[in-house]
Amino acid sequence: MLEIHGFLDLIFWVLAVGAFLLCVWALVHAVRTPARAFAMAGKLNKRLWLLILGLATLFSFAAAVQYLSVLSIFTIASVIGSGIYLADVKPAVGEIGRGGGNSGPYGPW
């Protein structure tokens, strides 16, 4: 029974580290994106996303170092917030910077 418990702890620790890396990826992208891109895409402003993703990174780091449980509500909310940013906001603000004056009907030339 002890071996199974140790293996499950390892799996949950790997999940916690994965959640932390997901939150860091989203936070780094939000920091590098200009504030006007959020407004032009019709999303929440950059400061609010930085707050959400900063707290998500903090809570997921706490789960990765086993200060919080991986299944705590804060860790789960961190993954949900980062997932929403990466699935919805990142593609929307990424399209803002692609438009340019030298684009033809089939793309940039």
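Rules and cut-offs
- Here the residue numbering is sequential within each chain, running from 1 through the sequence in written order.
- In keeping with the model being predicted, local features are shown solely for residues with a pLDDT of at least 70 and side-chain atom pairs are shown and tallied solely at 80 or more, while totals for entire chains, interfaces and linings include all residues.
- Heavy atoms from the whole structure form the basis of all side-chain values; hydrogens and water molecules are not counted.
- Comment: axis = line fitted to C-alpha atoms, over the contacting stretch for helices; angle = value between 0 and 180 degrees taken between N-to-C directions.
- In this description a helix means any DSSP run of H or I spanning at least four residues, a strand means any run of E spanning at least two, and both kinds are numbered starting from the N terminus.
- To sort the angles, those under 35 degrees are grouped as roughly parallel, those over 145 as roughly antiparallel, those from 65 to 115 as roughly perpendicular, and the leftovers as oblique.
- Crossing handedness is read from the near helix: turned anticlockwise from the far helix by less than a right angle, it gives a left-handed crossing, and turned clockwise, a right-handed one.
- Contacts are assigned to residue pairs that have any heavy atoms within 4.5 Å of one another.
- Under the scheme applied here, ten amino acids are nonpolar (Ala, Val, Leu, Ile, Met, Phe, Trp, Tyr, Cys and Pro), four are charged (Asp, Glu, Lys and Arg), and all others, including Gly, are polar.
- Between rings of Phe, Tyr and Trp, where Trp is taken as its six-membered ring, a pair exists when centres lie within 6.5 Å; planes separated by under 30 degrees are stacked, by over 60 edge-to-face, and by other angles tilted.
- Relative accessibility thresholds used throughout: buried, under 20% of the residue-type maximum; exposed, over 50%; partly exposed, between the two (1.4 Å probe, protein chains only).

Asks: Residues and numbers for the packing of helix α3 (residues 46-64) against helix α4 (residues 73-96), please.
Replies: Running from amino to carboxyl end, α3 crosses α4 at an angle of 135 degrees, the nearest separation of the two axes being 8 Å. On the basis of the axis angle, α3 is oblique to α4. The chirality of how α3 crosses α4 is left-handed. Across the interface between the two elements, Trp49, Leu53, Leu55, Ala56, Phe59, Ser60 and Ala63 of α3 pack against Phe74, Thr75, Ser78, Gly81, Ser82, Ile84, Tyr85 and Val89 of α4. Its residues assigned to classes, the contact of α3 with α4 shows ten nonpolar, five polar and no charged.

Asks: How would you sum up the packing of aromatic side chains? Please name residues and give values.
Replies: Applying the stated criterion to the full structure yields four aromatic pairs. Considering the side-chain rings of Phe38 and Tyr85, the 6.5 Å spacing of their centres and the 35 degrees angle between planes classify their relative orientation as tilted. Here Phe38, found in helix α2 (residues 35-41), pairs with Tyr85, found in helix α4; they are 47 residues apart in sequence, far enough to count as distant. Judged by its relative accessible area of 0%, Phe38 is buried.

Asks: Now, about the environment of Ala26: what can you tell me, with residues and values included?
Replies: You can see Ala26 is positioned in helix α1 (residues 2-32). Overall, Ala26 belongs to the buried group, its relative accessible area being 0%. When the C-alpha atoms of Ala26 and Ile84 are compared, they prove to be 9.6 Å apart, with 58 residues separating the residues in sequence.

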